[in-house]
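Chains, contacts and geometry: an overview
One letter stands for each residue in the lines below.
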Amino acid sequence: MKLHRPPLILAFLLLLGLGLRFWGLDLKPMWLDEVITAIAAMGRRYDEIPVGQFFPLSYLDELFTVQPGLSCTDITQRLIATSPHPPLFFCLMYGWMEALRPGEHWVWALRALPALFGVGAIAAVYALNRVAFSTAAGLAGAAAMAVSPFGVYLSQEARHYTLPVLLITLGLLGLVQMQQDLQRHRFRPWVWLGWAAIAGLGLYVHYFCLLALAAQGGALLGWMLLNRGQISRWGWGALGLAIAAVVLMYLPWLPIFWEHMNRPETEWLGLADGILGRLSPLLQTAVGWVLMAVMMPAEKQPRAIAIPSALFMLGYAAWLGRLLWRSGRTLWGKTPQQPALTLLVGFLGLVLLEFAVIVYGLNKDITLAPRYNFVYFPAVCALVGLLLAHLPKGMNPKRVWAIALAVGIVSSLVVASGLGFYKSFNPLKAASEIYSDDPTTPTHIVVSAPSTQEIALGLSFGLEIRRRALQDHSTTPIRLGFLAQPARDAAFWESLANMPQPQELPLNLWVVGSSQMPKQSFPVQVWLRRPPGSRPRRIRCAIAPDETHHAANYPYQGYVCQAGVGRVSRAPTPLPPRSDPAAAAAGGW
């Protein structure tokens, strides 16, 4: 493929990737994982969130304000206690937020840095393919990543995925240069030390970078074994020293790494039983590959939209897959850059093997979350770019690229508009049901929060409800509260009955229950305290007649409150036909 003015094409692709990643950056609601990022990135602590009392949603404006003057050590210590993640990304995020001081635009600022890392990854893929193959392959790889809906999805998340993508891409670039050193019997220390430094930094950003490191080392080692007659002794020694340097960099964090591996946050990744449970990871992996290239509004849409969208995605994936297969068959074994191609294919194959071991060996189905495909996403973009840059004879490159770019741009806009990659803990539905159900009646929301994950879930609900109330210029009092007990326990309902609250009637109450709590565990009626000096001293809240709602595996139930009689100190008595939470607790909940 002959190209004119490659720098201009690269600049266009970078601007295209930038535009797609910043399109509607702050329009989607903050979901659970992003709230966890926000608390760490703003230097906040979970003990700043009131427990056992209702507070107005306006307090969230103060909570999500940057706390100045903290160091990376401070952020790291807080993170160790509350989250199973390494600290580097969160330290960078804190420095970014402290420098910007974004005020009311904090959601945009929080997502902007990951988006910029995503743009940087586009440039890194160009450099990888240019060094490994050709300028044409570099531009094609950059284009593949720029318009990938999966790449846009990762870039618009205030999470630690695009920085690892950037580091893994740079690691592959270093790996190719190390391979070239071995081929040409030369040694550039900055290449080997640079690769070790990037690999070590990756381990402090995301633990899955360990998978990328193992696959990179395994791919290079495998190639060296296949060509051992051409590898000098210094080559084996250089690889050993580079790996040793990575280990030395990571030694200070190893004890915390082992501690994090035993935390309960990944229990939701369990592999399902039965033949379908064993086969589902294969299907989910294939779907993840499709979503790297195309995304149409097929999720949570009417059938008239979902079915044609799904058929288009399957048809496009089949067309692109057939095209790439033909190009690969033509290219394999016939390109001067076969060593680099072997290296990237080996890396991709080893990562997929690691995923299979985790899924079927450790019973952790990481294919449930497409985002974890970030580990091998750079290699996919590099290989797709190479294959599209060397199309077989008889194919019209301009036509192929016009179709691929058009589909990629539309798919990326679908993602940026919130019509793809739906979050299981998306607060949109809950906010719509809680706020829009009766926006003129004062509302209390109480969340069962025995862990920081439930606190983040409740905060995501509160943030979205507050955003809607501000848009409507609403002055209706809405308060949020957290209780540390699981809602399946009688102690939760006793604490709710004694929880101070300042609101007179009329009043709506919403209770966000415990994970996987059956709807029958919500009592038919609960009690709230009335403001001091009011008579009667209790408010009776009857369960709303509609069905129990869910955000992923967290149920939430509405209640309508009215005046009641009795003493505040008495615990609520759940009435039939729903089960008593105390009985549920005694039964082994």
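See the structure shown above.
Residues numbered from 1 in each chain as written. Predicted model: local features only at pLDDT ≥ 70, side-chain atom pairs only at ≥ 80, totals over all residues. Heavy atoms only, no water.

**Description of the overall build of the protein**
The number of helices and strands found in the protein is 22 helices and eight strands. Its C-alpha atoms give the protein a radius of gyration of 27 Å, near enough to 25 Å, the size a compact globule of 589 residues would have. Overall, the C-alpha framework of the protein stretches about 90 × 55 × 50 Å when taken along its three principal axes. Each of the 589 residues in the protein was classed as buried or not, and the buried ones make up 54%. The long-range fraction of contacts in the protein, counting pairs at least 24 apart against all pairs at least 6 apart in sequence, stands at 78%. About 25400 Å² of surface is accessible on the protein, with carbon and sulfur atoms providing 63% of the total. (Helix = DSSP H or I, 4+ residues; strand = E, 2+ residues; numbered from the N terminus. Rg over C-alpha atoms; globule rule 2.2 N^0.38 Å. Buried < 20%, exposed > 50% of the residue type's maximum accessible area, 1.4 Å probe, protein only. Contact = heavy atoms within 4.5 Å. Areas by Shrake-Rupley, 256 points an atom, 1.4 Å probe, with all protein chains shown as cover.)

**Overview of the nonpolar core**
Residues Phe 64, Trp 106 and Leu 459 are the most contacted members of the largest nonpolar core, which totals 172 residues. Considering each element in turn, this core owes the most residues, 13 residues, to helix α6 (residues 106-132). Setting aside its immediate chain neighbours within four residues, Phe 64 contacts Val 35, Ala 38, Ile 39, Met 42, Trp 106, Leu 459 and Leu 463. Core analysis: the next-biggest nonpolar cluster, separate from the first, contains 20 residues, Trp 493, Leu 507, Val 526 and Leu 528 among them. (Core = buried A, V, L, I, M, F, W, Y, C linked by side-chain atoms within 4.5 Å.)

**Quick word on the state of the cysteines**
Using the criterion set out here, one finds two disulfides in the structure. Bridging Cys 72 to Cys 91, the disulfide has an S-S length of 2.1 Å. Judged by the sign of its S-S torsion, about 85°, the bond between Cys 72 and Cys 91 is right-handed. Of this pair, Cys 72 sits in helix α4 (residues 72-82) while Cys 91 is found in helix α5 (residues 88-100), placing the two residues 19 residues apart along the sequence. On the accessibility criterion, Cys 72 (40% relative accessible area) is partly exposed. Owing to a relative accessible area of 12%, Cys 91 belongs among the buried residues under this scheme. One disulfide in the model links Cys 541 with Cys 561; its S-S distance is 2.1 Å. (Disulfide = S-S within 2.5 Å.)

**Description of the pairing of strand β2 (residues 443-448)**
Taking burial as the measure, the six residues of β2 include six buried ones, the bulk of the element. Here β2 shows a buried face lined by Thr 443, Ile 445 and Val 447 and a second buried face lined by His 444, Val 446 and Ser 448. Where β2 meets strand β3 (residues 478-483), six bridges bridge the pair, whose relative direction is parallel. The residue bridging His 444 from the neighbouring strand is Arg 479, located in β3. (Pairing = 2+ DSSP bridges.)

**Regarding the environment of Thr 440**
Residue placement: Thr 440 occurs in the loop between α19 (427-435) and β2. On the basis of relative accessibility, which here comes to 62%, the residue Thr 440 falls in the exposed class. With 62 residues separating them along the chain, Thr 440 and Pro 502 place their C-alpha atoms 17 Å apart.

**Some points on the pattern of salt bridges**
Tallied over the full model, the rule gives 11 salt bridges. Across the salt bridge formed by Arg 44 and Glu 48, the nearest N and O atoms sit 2.7 Å from each other. One exposure class covers both Arg 44 and Glu 48, and it is buried. One salt bridge in this structure joins Arg 466 and Asp 61, with 2.6 Å as the shortest N-O distance. (Salt bridge = Lys/Arg side-chain N within 4 Å of Asp/Glu carboxyl O.)

**Points about the packing of helix α10 (residues 189-203) against helix α12 (residues 233-250)**
The geometry of α10 relative to α12 is characterised by a closest axis approach of 9 Å and an angle of 30° between their N-to-C directions. In terms of orientation, α10 lies roughly parallel with respect to α12. Crossing of α10 against α12: the hand is right-handed. When α10 is examined against α12, the residues Trp 192, Trp 195, Ala 196, Ala 197, Ala 199, Gly 200, Leu 201 and Leu 203 are found in contact with a partner set consisting of Trp 234, Gly 235, Ala 238, Leu 239, Ala 242, Ile 243, Ala 245, Val 246, Met 249 and Tyr 250. Of the residues belonging to the contact of α10 with α12, the class tally is 16 nonpolar, two polar and no charged. (Axes fitted to C-alpha atoms, helices over the stretch in contact; angles between N-to-C directions. Parallel < 35°, antiparallel > 145°, perpendicular 65-115°, else oblique. Left-handed = near helix turned anticlockwise from the far one by under 90°. Nonpolar A, V, L, I, M, F, W, Y, C, P; charged D, E, K, R; others polar.)

**Remarks on the packing of helix α15 (residues 303-331) against helix α17 (residues 377-389)**
Contact geometry of α15 with α17 gives a least axis separation of 9 Å together with a crossing angle of 75°. Comparing the axis directions of α15 and α17 gives the class roughly perpendicular. Counted together, Leu 320, Leu 323, Leu 324, Ser 327, Gly 328 and Leu 331 of α15 and Val 384, Leu 386, Leu 387 and Leu 388 of α17 form the full contact between these two elements. The class makeup of the residues in the contact of α15 with α17 is eight nonpolar, two polar and no charged.

Geometry only, nothing functional implied.
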